[in-house]
Amino acid sequence: MKGLFKSKPRTPADIVRQTRGLLGYASRSTDGRDSKREEKMAELFKNLRELKSILYGNSESEPVSEACAQLTEEFFSENTLRLLITCLPKLNLEARKDATQVVANLQRQQVHSQLIASDYLEANLDLLDIFLAGYENTDMALHYGAMLRECIRHQIVARYVLESEHMKKFFDYIQLPNFDIAADSAATFKELLTMHKSTVAEFLSKNYDWFFAEYNSKLLESSNYITRRQAIKLLGDILLDRSNSAVMTKYVSSRDNLRILMNLLRESSCHNSHVLVLVSGACAAAGACAGAGGQKMVFTATPLCSLM
C-alpha cells in the first residue's frame with residue numbers, strides 16, 4: 001500500500017519553479033539564523049545542485065537535451081535569473097559555485113533552435129551592471145565575472161558592456177592588488193575585445209582616443225611586468241586582426257605609440273617577442289597599403305630607427 005502513494009518525480013520545470021519560490025523567500029528574508037530559514041536555504045542549495053546535474057549530467061548519466069530544454073524554457077519564462085543573481089551574496093560558497101555554473105550553461109542552451117538567454121538579457125541589460133559592479137566586491141567578483149564572460153557570448157550583451165561607462169573601469173580592475181580578481185577582469189577584458197569582431201571594430205573606431213590613451217598609460221606603461229606582458233599580447237591580438245586594419249594603421253602612425261612599443265622591445269623579457277610580432281605586422285600593414293589602380297599610399301608612421 002505504501003508504494004501506491006509514492007510521490008511523483010519532479011520535472012526540470014518543477015525544480016525551476018520551486019527554486020524561484022525559494023529565491024523569492026531568500027530575497028525577502030534577513031540573514032538571521034532561525035530553523036525555518038535554514039531549512040529553506042538548504043532546500044534551495046539542493047535545488048541548485050539538481051539544476052546543475054540536469055544541465056551537466058553526472059558520473060552516471062549524460063545530460064538529456066529534452067530535460068535541458070524544459071529547464072531553460074521555464075528558467076527564462078519569468079525572472080528566475082534576476083532573482084538568482086541578486087540573491088547570490090546570500091548563498092554559501094558551494095551554492096554560489098553551482099549557481100555560477102548553472103547561469104553559464106544556460107547561455108548555450110537552445111530552445112526550438114533559439115538562444116532564449118540572449119533575448120532575456122536583451123530585455124534585462126541592467127543585470128550586466130550587477131555583474132560588472134561585482135569586480136568591486138572581493139567575495140562576489142569571481143562568480144559574477146565567470147557569469148559575465150558567458151553572457152558576452154551574446155553580441156547584444158558585449159555591445160552593451162563595450163558602450164557602457166563600466167568599460168573604462170576595466171583599466172583599474174586589471175591592476176587590482178588581488179591577483180585572482182585582476183586576472184579574472186583581464187580575461188573578461190580580452191573576451192570583450194576579441195570575440196565579436198564587427199562590434200569591436202566599431203567600438204575602437206568610435207572610442208579610439210580615450211581607449212588607447214588609457215591602454216597605453218595604464219597597461220603598456222604599467223609598473224607591473226605581468227600587466228605589461230598581457231597588454232602587449234592583447235594589443236597584438238586586436239591590431240593584427242583584419243577587421244581592425246584601419247585602427248592598426250592609425251595606431252602605428254603615432255610617434256608616441258611607436259615609442260612605447262620600442263621601449264617595450266628594449267626590455268630584456270619574454271614579452272618582447274610579442275612586440276616584434278606587432279611591429280612586424282605594422283610594417284606589413286604599411287607595405288600593403290595601396291590605393292585604387294595600384295598606386296602606393298603614403299604611410300605616415302615615423303621610421304622605427306628614429307625612435308631607437
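Scoring rules and cut-offs
Residues numbered from 1 in each chain as written. Predicted model: local features only at pLDDT ≥ 70, side-chain atom pairs only at ≥ 80, totals over all residues. Heavy atoms only, no water. Salt bridge = Lys/Arg side-chain N within 4 Å of Asp/Glu carboxyl O. Helix = DSSP H or I, 4+ residues; strand = E, 2+ residues; numbered from the N terminus. Buried < 20%, exposed > 50% of the residue type's maximum accessible area, 1.4 Å probe, protein only. Axes fitted to C-alpha atoms, helices over the stretch in contact; angles between N-to-C directions. Parallel < 35°, antiparallel > 145°, perpendicular 65-115°, else oblique. Left-handed = near helix turned anticlockwise from the far one by under 90°. Contact = heavy atoms within 4.5 Å. Nonpolar A, V, L, I, M, F, W, Y, C, P; charged D, E, K, R; others polar.

A. Up close: the pattern of salt bridges. The tally for this structure, following the rule as stated, stands at 19 salt bridges. The salt bridge partner of Asp172 is Lys218, with a shortest N-O separation of 3.2 Å. In this pair, Asp172 sits in helix 10 (residues 166-173) while Lys218 sits in helix 13 (residues 208-220), placing the two residues 46 residues apart along the sequence. For Lys218, a relative accessible area of 24% translates into the label partly exposed. Each of Asp14, Arg17, Arg20, Glu74 and Glu78 takes part in salt bridges that share partners, so that together they form one network.

B. Inspection of the packing of helix 7 (residues 126-133) against helix 9 (residues 155-163) at higher detail. At their nearest, the axes of helix 7 and helix 9 sit 11 Å apart, and the two run at 60 degrees to each other. By the angle class used here, helix 7 and helix 9 are oblique. Note on packing geometry: the crossing formed by helix 7 with helix 9 is right-handed. Taking contact as the criterion, the partners of Leu128, Asp129 and Leu132 in helix 7 are, on helix 9, Val157, Tyr160 and Val161. Looking at the contact of helix 7 with helix 9, its residues break down into 5 nonpolar, no polar and 1 charged.

Everything listed is a geometric property; what it means functionally is a separate question.
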